[in-house]
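Topology and contacts: notes
Residues per chain, in single letters:
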Amino acid sequence: MLYKFDTKVQYLKYKVLREVARHAWNDTLLDNLLEIPKTIVPGNTPTMRCCVYKERAILGERVKIAMGGDKSNPNVIEVIETACDECPMGGYEVTNACRGCLAHRCMDACRFGAITFDQNHVAHIDKTKCKECGACSRVCPYTAIISRKRPCENACKIKAIKMNENKAAAIDNEKCIACGACVYQCPFGAITDKSYILDVVDIIKKSKNNKKYKVYAVVAPSISSQFKYAKLGQVITGLKELGFHTVIEAALGADMVAYSESKELAEKGFLTSSCCPAFVTYIEKAFPQLLPLVSHNLSPMAAVSKYIKSREPNCKVIFIGPCTAKKAEVQKESVAPYVDVAMTFEELQALFDSKDIDIMTLDEGVLDNASYFGRIFARSGGLSDAVAQALMEQDIKDFELKPCACDGIEACRAALLKKSKDRLDANFIEGMACIGGCIGGAGCLTHGERNKAEVDKYGKEAYEKTITDAISMLK
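Structural notes, computed from the coordinates. (Residues numbered from 1 in each chain as written. Predicted model: local features only at pLDDT ≥ 70, side-chain atom pairs only at ≥ 80, totals over all residues. Heavy atoms only, no water.)

**Digging into the overall build of the chain**
A count of helices and strands for the chain gives 19 helices and 15 strands. In terms of principal-axis extent, the alpha carbons of the chain reach across some 80 × 65 × 35 Å. Across the 475 residues in the chain, those meeting the buried criterion constitute 55%. In the chain, once contacts between residues fewer than 6 apart in sequence are set aside, the share between residues at least 24 apart is 74%. Surface accessibility of the chain: about 21700 Å² in total, with carbon and sulfur atoms responsible for 51%. If the 64 positive side-chain charges of the chain are averaged to one point and the 59 negative ones to another, these points end up 3 Å apart. (Helix = DSSP H or I, 4+ residues; strand = E, 2+ residues; numbered from the N terminus. Buried < 20%, exposed > 50% of the residue type's maximum accessible area, 1.4 Å probe, protein only. Contact = heavy atoms within 4.5 Å. Areas by Shrake-Rupley, 256 points an atom, 1.4 Å probe, with all protein chains shown as cover. Lys, Arg positive; Asp, Glu negative; His and termini not counted. Charge placed at Lys NZ, Arg CZ, Asp CG, Glu CD.)

Okay, structure coming up:
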């Protein structure tokens, strides 16, 4: 099973989700909460930690997060403090490259008195005084002073992670955009996203029992780059085996958004995209003055879900994709009426295996609800290409598109900063918080450059060749 994931951390997370879901299907979860850690780590030999008892204690915390996590914490990203104790504290450190030189430039550069020298003239940094300004590092002629940051701090490009008094990672909810970069990069799995897999199980079970509503799966186009051990059609059949009535592409919502957003762009003269929830949240928190420039369109997920519920109000819609930020998006007032639960590809794999569904043995279903342009939303640059196509299809000739496709949150920050100072040579910002776009989302089973090629290949297989053709099915 490990081959289905990038890392052992993902595999561990999956095993917890699988066991929680397995018991939820059978209505035995509450009776087995304490047994799940023992199921994952049987016997008395630890496999990851210093002792089996700590290992199981941490697994108990993972079970809680798999069941929805801390309800008092509005963030969908949580820290397991007991798992966050193996990383060095980080900050600036003096390495053995220090020669004990006479110049002592590092001491002179430090305005806080944090640097002293021992009897061997080797520099030392007092962590209680150091402000991590980096002045000492910049002046050292031997580059002997380096900054060591924890993986989560390195991954978080918006500086939403610091260390608390217990030397564990702490997330600043006022800054966090729920992109999940820290989740994927933490080598101990101490930072993770809450799961709402119990809600999914409950919705499916009730639909089977009372037949009062149908359950729709809206799958992100990046699904074409996942579940590489099977065929996409088998994944679609697997979803129906789980109990989903119909599987619809979020790419159809992308076609809807591209068509509408291109018109809005031409009318207003400048827009930033509204498709990536982490990007939109970043604007809300870091560049609130630019909020009027964000497209008024819903995201593709919300747009197609709104359409589904307009046709069948009593149905339930579950989004499945690569994105942890979608879990936060579905809690917004503007989206909550249309999407009932958001889950990741990691969680879908756990659901399949909780029901012992081997998708490799299934026949291939069909997923064909969108155009090439809707499907390539999954990778960086795809949205810009789709907007250009939509402008052409609507014969909007008096507007020249000048897109700025931002690949990752750092690129987004640079573009937004330039726009805030009227120095951006573009009239459309495509913001993707994850490197590579949605194919780099924290909830992916696998990540990598090959995923882009898989998305483009999948796009070319679309039956609908234009955006207009795709959305004409909605009328």
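Moving on from the coordinates now.
**With respect to the layout of surface pockets**
Using a probe with the size of a water molecule, rolled over the atoms, empty space left in the structure can be pinpointed. Looking at the largest pocket, its volume works out to about 650 Å³. Lining the largest pocket are 36 residues, and of these Ala181, Ala433, Cys434, Ile435 and Gly440 sit closest to its centre. Mapped by element, the contributors of at least two residues to the lining of the largest pocket are helix H6 (151–155), helix H7 (181–185) and helix H17 (409–420). In terms of residue count, the dominant contributor to the lining of the largest pocket is H7 (4 residues). Here the residues of the lining of the largest pocket are counted per class, giving 20 nonpolar, 10 polar and 6 charged. (1 Å grid on protein atoms, 1.4 Å probe; cavity = no way out; pocket = protein on both sides within 12 Å on 5 of 7 lines; lining within 4 Å. Points joined across faces, edges and corners; volume = space filled by probe spheres on them. Nonpolar A, V, L, I, M, F, W, Y, C, P; charged D, E, K, R; others polar.)

**Brief notes about the environment of Leu424**
When you line up the elements, Leu424 lands in the loop between H17 and strand S15 (428–432). For the pair formed by Leu424 and Cys404, sequence separation is 20 residues and the distance between their alpha carbons is 8.8 Å. Those residues in contact with Leu424, other than ones at most four positions away along the chain, are Phe270, Cys404, Ala415, Lys418, Lys419 and Ile429.

**What about empty space enclosed by the protein?**
Under the counting rule described, the total for this entry stands at 5 cavities of 30 Å³ or more. Its boundaries defined by the atoms lining it, the largest cavity holds a volume of some 290 Å³. Contributing to the lining of the largest cavity are 26 residues, with Cys275, Cys276, Pro277, Lys326 and Cys438 lying nearest its centre. Among the elements of the structure, helix H10 (250–268), helix H11 (277–286), helix H12 (300–311) and helix H13 (325–329) are those that each provide at least two residues to the lining of the largest cavity.

**Some points on H17**
When the terminal C-alpha atoms of H17 are compared, their 16 Å separation across 12 residues agrees well with the 16 Å that a helix rising 1.5 Å per residue should span. Of the positions making up H17, those classed as buried are Ile409, Cys412, Ala415, Leu416 and Lys419. The buried residues of H17 all sit within an arc of 120 degrees when viewed along its axis, so they share a single face. Those residues of H17 that are buried are in contact with H11, strand S14 (403–407) and S15. (Expected span 1.5 Å × (residues − 1). Arc of directions from axis to C-beta.)

**Regarding the sheet that holds S15**
Read across the open sheet, the 3 strands follow the order S11-S15-S14; overall the sheet is parallel. Whereas interior strands pair on both sides, the edge strands pair on one side only; in this sheet they are strand S11 (271–272) and S14. With 2 bridges joining them, S11 and S15 adopt parallel strand pairing. When the bridges of S15 are listed, Thr272 appears paired with Ile429. Packed onto the sheet, helix H16 (residues 382–393) meets S14 and S15 and runs at close to 145 degrees relative to S15. (Pairing = 2+ DSSP bridges. Axes fitted to C-alpha atoms, helices over the stretch in contact; angles between N-to-C directions.)

**A few points about the pattern of salt bridges**
Opposite charge on two side chains allows them to pair when their charged atoms are near. Per the stated rule, a full pass over the model turns up 26 salt bridges. Taking the shortest distance from any N to any O, the salt bridge between Lys309 and Asp340 comes out at 2.8 Å. Within this pair, whereas Lys309 is found in helix H12, its partner Asp340 is found in the loop between H13 and strand S13 (341–344), the two being separated by 31 residues in sequence. Among the charged side chains, a salt-bridge network with shared partners connects Lys13, Asp193, Lys327, Glu346 and Glu347. (Salt bridge = Lys/Arg side-chain N within 4 Å of Asp/Glu carboxyl O.)

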